Amino acid sequence: MQETRNAPLAPLTTLRLGGPAARLLTAVTDDEVIAAVREADDAGTPLLLIGGGSNLVIADTGFPGTVVRIATTGFRLDGTRLELAAGEDWSAAVARTVEAGLAGIECLAGIPGSAGATPIQNVGAYGQEVSATVTEVVAYDRAARATVTLPAADCGFAYRHSRFKADPGRFVVLRVRFALDDAKGLSAPIRYAEAARTLGVRPGARVPLADAREAVLKLRTGKGMVLDPEDHDTWSAGSFFTNPLLTSAEHAAFLTRVAERLGTDAAPPAYPAGEPGGEGLVKTSAAWLIDHAGFPKGYGTGPARISGKHTLALTNRGSATTADLLALAREVRDGVRAAFGITLVNEPVTVGVSL
Ligand code: EPU
């Protein structure tokens, strides 16, 4: 196993932020992952796992223990069943399923990061979430010191949430299994209104798989959500905050605040939160809240700023530190709370720091 001492972690994250790891191990097989985790656990060393680093905010002081970079490979397609090793690049895997004519994850194209990270926060975009297609997650259970296979029903999937996120550190995802759909080259019904508009179809229509993937890539690119080393608007962890889920009483109070502040014409987005755990709740838009609390696209004068393409992405303009990014995140969170009485919650995982 490749081992480096005092290894910089910033290059392993899409934000390019964070100090060094005392020790960095790169694991290329499941057995290496398990051996590295067991060794750290036996020695009582703090452990951090890194996949694609696309949803991670690491302290400027770095990580005082062992960091295991999951670099396992494996893309296995058997009919409509797909098994991905945790280290596989997610976006490349999506492209291959689209080429194979299989539907179910085509709208998750262009999401940076690794396959193993997708069940952790139940990755979702443009009307699809991995919880709809994941059948099983194979993981190393650090509490039981054994490899376990968790059926989707035991993964606790909800909006940007799962059992893995609820019990951080316990499970080390090794493989993710999916059931895709052989819909003769057609996509799953396009649910997201903006994606349907881009494709020129009604919501619910099916389109050629490749068209769905391309439309999503186009939308994501327009929002700075496809990585481009030349474009600092993409040096982010994607959405920095989750979209708030409000009870009907909270939603009513929110609408009153909005009317007082912005007038009765203001119409914040509201969607029924249909996900498991979101029944009966209204999902509103964190991006809208941020915009209307006085933080427009491009907000900020320092090295950490709101993306020029989407208010929900906080970006590193090249010379930012994690402290800069968190100062901006706190300013935004506090400003939204003061304006609308809603407290935004960060979506990325924070290591050695918190909001
Ligand atoms: N909006 C603004 N200002 C902006 C951008 C958006 O006011 O700069 C408002 C608009 O009203 C817009 C609404 O926010 O209609 C929703 O925006 P968008 O369609 O871009 O979606 P989002 O809710 O901001 C979520 C996910 C994204 C995912 C997109 C598309 C979360 C936290 N974010 O963003 O996921 O790609 O929908 O499905 O759920 C991520 O999780 O990292 C991520 C990028």
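No experiment lies behind these values; they were computed from the predicted model shown.

Engineer: For the site of the ligand, give the residues involved together with the corresponding values.
Structural biologist: Not every one of the 26 residues close to the ligand is listed here, only the nearest: Y126, Y159, Y192, H310 and E347. Taking Y159, its side chain carries an N or O atom lying 2.7 Å from an oxygen atom of the ligand. Within the side chain of N243, one N or O atom sits 2.8 Å away from an oxygen atom of the ligand. Coverage of the ligand by the protein amounts to 82% of the 820 Å² it exposes when considered alone. For the shell around the ligand, the secondary structure elements donating two or more residues are strand 8 (124–125) and helix 7 (286–292).

Engineer: Provide a residue-level description of the pairing of strand 2 (residues 20–27), including the pertinent values.
Structural biologist: Every regular strand shows the same layout, with side chains that alternate between the two sheet faces. Counting buried positions over the eight residues of strand 2 gives six, a clear majority of the element. Judged from the six bridges that link them, strand 2 and strand 5 (residues 63–70) form a sheet pairing that is parallel. Following the sheet pairing, T26 is matched in strand 5 by R69.

Engineer: Pulling in residues and values, what's your account of the sheet that holds strand 11 (residues 146–151)?
Structural biologist: Backbone hydrogen bonds hold the strands of a sheet together, and the pairing may be parallel or antiparallel. Strand order in this open sheet of five strands is 6-7-12-10-11, and the pairing throughout is antiparallel. Each having just a single partner strand, strand 6 (75–78) and strand 11 make up the two edges of the open sheet. Across the sheet, the mean angle from the axis of one strand to that of its neighbour is 20°, orientation sign disregarded. In this sheet, strand 12 (residues 171–179) lies alongside strand 7 (residues 81–85) in antiparallel orientation, the contact comprising five bridges. Considered in strand 12, the bridge of E83 is made with R177.

Engineer: Residue-level account of the pattern of salt bridges, with values.
Structural biologist: This structure, assessed with the given rule, holds 19 salt bridges. The salt bridge partner of E83 is R76, with a shortest N-O separation of 3.8 Å. In this structure, E83 and R175 form a salt bridge, with 3.1 Å as the shortest nitrogen-oxygen distance. You can see E83 sitting in strand 7 and its partner R175 sitting in strand 12, a full 92 residues away along the chain. For the pair E83 and R175, one class covers both residues: buried. A single network of salt bridges, built from pairs that share partners, joins D30, R76, E83, E136, R175 and R177.

Engineer: Which residues make up the packing of aromatic side chains, and what values go with them?
Structural biologist: Counted according to the given criterion, the structure contains eight aromatic pairs. Note on F295 and Y299: the rings are 5.0 Å apart at their centroids and 90° apart in plane angle, and the pair reads as edge-to-face. The class for F295 is buried, based on a relative accessible area of 7%. In this structure, R16 packs its charged tip against the face of W235, placed 4.1 Å from the ring centre. Just above the ring of Y159 sits the side chain of K283; from NZ or CZ to the centre is 3.8 Å.

Rules used throughout
Residues numbered from 1 in each chain as written. Predicted model: local features only at pLDDT ≥ 70, side-chain atom pairs only at ≥ 80, totals over all residues. Heavy atoms only, no water. Near = heavy atom within 4 Å. Polar contact = N/O pair within 3.5 Å; in protein donor to acceptor, adjacent residues only side chain to side chain. Areas by Shrake-Rupley, 256 points an atom, 1.4 Å probe, with all protein chains shown as cover. Helix = DSSP H or I, 4+ residues; strand = E, 2+ residues; numbered from the N terminus. Buried < 20%, exposed > 50% of the residue type's maximum accessible area, 1.4 Å probe, protein only. Pairing = 2+ DSSP bridges. Axes fitted to C-alpha atoms, helices over the stretch in contact; angles between N-to-C directions. Salt bridge = Lys/Arg side-chain N within 4 Å of Asp/Glu carboxyl O. Phe/Tyr/Trp six-rings, centres within 6.5 Å; stacked < 30°, edge-to-face > 60°. Lys NZ or Arg CZ within 6 Å of the ring centre and 35° of its normal.

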